[in-house]
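A look at the structure
For reference, the chains in residue letters:
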Amino acid sequence: MKNKTIAILLNDTFLLKVLGELAKTHNETFNIFFANNASDLLDYEVIITDSITFNQIYKELRKSQKILCIGEINKFQEIDEVSNEVSFIKIPFKYSELKERAF
């Protein structure tokens, strides 16, 4: 499987730590880029975000980007307005589920 770069923009510090550890231990599969704002996301095909961040940035994303949303679907208020490919990952999640949905 090819190594893919995934951009992460999260509001949740615990999830940032978890994904940082995944980036260290599974770097043969994923390159992880930790974004600081929505404009940092434009060059990436796959984005991981949470409900708070998603509701703030969804208008700035390119239509071709795949979005992995961590959390419950009912917390993503603007989801009906998005034409991107969106997947939801419930917490707790398994690495294999994240890997499958990213590719």
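Look up: the structure comes first, before these words.
The text that follows walks through the structure, step by step, so that each part is easy to find.

About the cut-offs
Residues numbered from 1 in each chain as written. Predicted model: local features only at pLDDT ≥ 70, side-chain atom pairs only at ≥ 80, totals over all residues. Heavy atoms only, no water. Helix = DSSP H or I, 4+ residues; strand = E, 2+ residues; numbered from the N terminus. Buried < 20%, exposed > 50% of the residue type's maximum accessible area, 1.4 Å probe, protein only. Polar contact = N/O pair within 3.5 Å; in protein donor to acceptor, adjacent residues only side chain to side chain. Contact = heavy atoms within 4.5 Å. Salt bridge = Lys/Arg side-chain N within 4 Å of Asp/Glu carboxyl O. Core = buried A, V, L, I, M, F, W, Y, C linked by side-chain atoms within 4.5 Å. Pairing = 2+ DSSP bridges. Axes fitted to C-alpha atoms, helices over the stretch in contact; angles between N-to-C directions. Phe/Tyr/Trp six-rings, centres within 6.5 Å; stacked < 30°, edge-to-face > 60°.

**Observations concerning unusual backbone geometry**
- Pro 92 follows Ile 91 through a cis peptide bond whose omega is 0°.
- Structurally, Pro 92 can be placed in the loop between β5 (85–89) and α3 (95–102).

**Things to note about the side chain of Thr 49**
- Its place among the elements puts Thr 49 in strand β3 (residues 46–50).
- The exposure class assigned to Thr 49 is buried, which follows from its relative accessible area of 1%.
- For Thr 49, the side chain forms a polar contact with the main-chain oxygen of Leu 9, separated by 2.9 Å.
- Of the polar contacts made by the side chain of Thr 49, one reaches the backbone nitrogen of Phe 54; its length is 3.5 Å.
- Other than its neighbours up to four places away in sequence, Thr 49 contacts Leu 9, Leu 10, Phe 54, Ile 57, Ile 67, Leu 68, Cys 69 and Ile 70.

**Looking at the pattern of salt bridges**
- Overall, the coordinates contain three salt bridges when judged by the stated rule.
- With its nearest N and O atoms 3.2 Å apart, the salt bridge here joins Glu 21 to Lys 24. Pair noted here: Glu 21 and Lys 24 are both in helix α1 (residues 13–25), with a separation of three residues, about one helical turn.
- Under the relative-accessibility criterion, Lys 24 is labelled exposed at 59%.
- Across the salt bridge formed by Lys 66 and Glu 85, the nearest N and O atoms sit 3.7 Å from each other. Of this pair, Lys 66 sits in strand β4 (residues 66–70) while Glu 85 sits in strand β5, and the two are 19 residues apart along the sequence.
- What makes Lys 66 buried here is its relative accessible area of 12%.
- When its relative accessible area of 47% is taken as the criterion, Glu 85 is described as partly exposed.

**Remarks on the nonpolar core**
- If you look at the biggest cluster of nonpolar residues, it comprises 17 residues, and the most contacted ones within it are Leu 41, Phe 54, Ile 57, Leu 61, Ile 67, Cys 69 and Phe 76.
- Of all the secondary structure elements, the ones that give two or more residues to this core are β1 (4–9), α2 (51–57) and β4.
- Core analysis: the next-biggest nonpolar cluster, separate from the first, contains 15 residues, Ile 8, Leu 10, Phe 30 and Ile 48 among them.

**Examining the sheet that holds β5**
- Taken in spatial order, the five strands of this open sheet run β2-β1-β3-β4-β5, and their pairing is parallel. With partners counted over all chains shown, the strands left at the sheet margins are β2 (30–34) and β5, one partner each. Neighbour-to-neighbour, the strand axes of this sheet turn through a mean angle of 25°, independent of strand direction.
- Pairing of β3 with β4 involves five bridges; the strand directions are parallel.

**Some thoughts on the packing of aromatic side chains**
- A full pass over the atoms with the stated rule returns two aromatic pairs.
- Taking the centre distance of 4.9 Å and the plane angle of 15° together, the rings of Phe 33 and Tyr 44 count as stacked. A residue pair is termed long-range when its members are at least 10 positions apart, and Phe 33 in strand β2 and Tyr 44 in the loop between β2 and β3 qualify at eleven residues.
- Tyr 44 sits in the buried class, given a relative accessible area of 18%.

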